[in-house]
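Residue strings, one per chain:
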Amino acid sequence: MKSDQAEFFAAQGYLRLDAFHPKSRMAAIRRNVLDEMKRLSARTDVTKSLRQLPFFQQIGKLSALVNVPGLHDALATPELIEFISRLGGQALTPSQGTQLLLSPPNQGDWTLKGLNWHVDVTSDPLCRLAGIQAFFLIDDVAPRGGATLALAGSHRVDTSGLGSVSALRRLLKTSDNLERNLRGSGVSIVEMSGRAGDICLMDMRLLHTPSINASKQLRMMATCRCFVGA
Ligand SMILES: O=C(O)CCC(=O)C(=O)O
């Protein structure tokens, strides 16, 4: 790991690792996902039943229906876990395996309004790192193609121009022009779109959200959470 990668991660709370996994490994997983999708649609009209749910629930429902054996071992490799531990400056251990993040195509118009911004860890009074979450791109994901969004810098929002986490959460809920309102605050939106094999590592204190897949392609990502002292 290069020292500028560690510095960037500490400041921004995320780090992109382009082409970390070979394309051939991702292609095998992609084939498995598509076979599973075929199997599902032979039994029921999955798309129709998903359409009745809010867009972020569609992701949870679809991802739970698809099973890819060996997913965790193929993606959360010892090499990656070692990298994550070096980035976090201590041993981090994967918990709960690796889950698929699948979004159906054509979920609607892409927007930053009404999203489900959240963090998955409770806040630490000493503001220490609790974990690092890896987001894997199994297939290419285009901008506005449903990739996870993260708020870079939101792990140290108290020192930003926004004042407090509650002010930031209010802004995320109410803003009509989020990108403009965040300008100059030290906090910015990162869309984890990219190429098959890329990984985005995220400090779990960062606010993040599912986003709408406005593209014609199934969004194929997966995620694994690694915790300090797990
Ligand atoms: O579906 C997504 O991209 C969001 C995933 C997410 O929020 C999470 O894994 O904590």
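Details of the structure are given in the entry above.
These remarks concern the structure in this document. The model shown is predicted, which means the values in this text are computed figures rather than measured ones. (Residues numbered from 1 in each chain as written. Predicted model: local features only at pLDDT ≥ 70, side-chain atom pairs only at ≥ 80, totals over all residues.)

### Overview of the overall build of the protein
Point 1. Counting secondary structure elements, the protein contains 8 helices and 8 strands.
Point 2. The globule rule puts the C-alpha radius of gyration for 230 residues at 17 Å, and the 18 Å found for the protein is close to it.
Point 3. Considered along the principal axes of its C-alpha atoms, the protein spans approximately 55 × 40 × 25 Å.
Point 4. Every one of the 230 residues in the protein was classed for burial, and the buried ones make up 37%.
Point 5. Residue pairs at least 24 apart in sequence account for 88% of intrachain contacts in the protein once pairs closer than 6 positions are excluded. (Helix = DSSP H or I, 4+ residues; strand = E, 2+ residues; numbered from the N terminus. Rg over C-alpha atoms; globule rule 2.2 N^0.38 Å. Buried ≥ 20, exposed ≤ 12 C-beta atoms within 10 Å, placed from the backbone. Contact = placed C-beta atoms within 7 Å.)

### Looking at the environment of Ser188
Point 1. Summarising the element assignment, Ser188 is placed in strand E5 (residues 188–191).
Point 2. Classification of Ser188 as partly exposed rests on a count of 14 C-beta atoms within 10 Å.
Point 3. Sequence-wise, Ser188 and Glu79 are 109 residues apart; in three dimensions their C-alpha atoms are separated by 29 Å.

### Points about the pairing of strand E3 (residues 131–137)
Point 1. Extensive coverage of E3 is indicated by the burial of 7 of its 7 residues.
Point 2. Residues Gly131, Gln133, Phe135 and Leu137 point to one face of E3 and Ile132, Ala134 and Phe136 to the other, with burial holding for every one of them.

### Comments concerning the sheet that holds E5
Point 1. Read from one edge of the open sheet, 3 strands run E5-E4-E7, paired in antiparallel fashion. A single partner strand is all that each edge strand has here, and the edge strands are E5 and strand E7 (208–209).
Point 2. Across 2 bridges, strand E4 (residues 149–152) lies against E7 in antiparallel orientation. Following the sheet pairing, Ala150 is matched in E7 by His208. (Pairing = 2+ DSSP bridges.)

### Overview of helix H2 (residues 23–43)
Point 1. Under the 1.5 Å per step criterion, the end-to-end length of H2 is 31 Å for 21 residues, consistent within 8% with the ideal 30 Å.
Point 2. When we look at burial in H2, the residues that qualify are Met26, Ile29 and Val33. For H2, the angular spread of buried residues about the axis comes to 65 degrees, placing them on one side. Exposed residues lying more than 90 degrees from the buried face of H2 are Ser24, Arg31, Asp35, Lys38, Arg39 and Ala42. (Expected span 1.5 Å × (residues − 1). Arc of directions from axis to C-beta.)

### Some words on the nonpolar core
Point 1. Core analysis: the biggest nonpolar cluster contains 50 residues, and Tyr14, Ile84, Ala134, Phe136, Ile138, Leu201 and Met221 have the highest contact counts within it.
Point 2. Apart from residues no more than four positions distant in its own chain, Phe136 is found in contact with Leu75, Ile199, Met221, Ala222 and Thr223. (Core = buried A, V, L, I, M, F, W, Y, C linked by C-beta atoms within 7 Å.)

### Some details on the sheet that holds strand E2 (residues 92–103)
Point 1. Strand order in this open sheet of 5 strands is E1-E6-E3-E8-E2, and the pairing throughout is antiparallel. Each end of this open sheet is capped by a strand with a single partner; those strands are strand E1 (14–17) and E2. Adjacent strand axes in the sheet meet at a mean angle of 20 degrees when their direction is disregarded.
Point 2. For E3 and strand E8 (residues 219–228), the ladder comprises 7 bridges, and the chain directions are antiparallel. Note on E8: the bridge partner recorded for Gly131 is Phe227. (Axes fitted to C-alpha atoms, helices over the stretch in contact; angles between N-to-C directions.)

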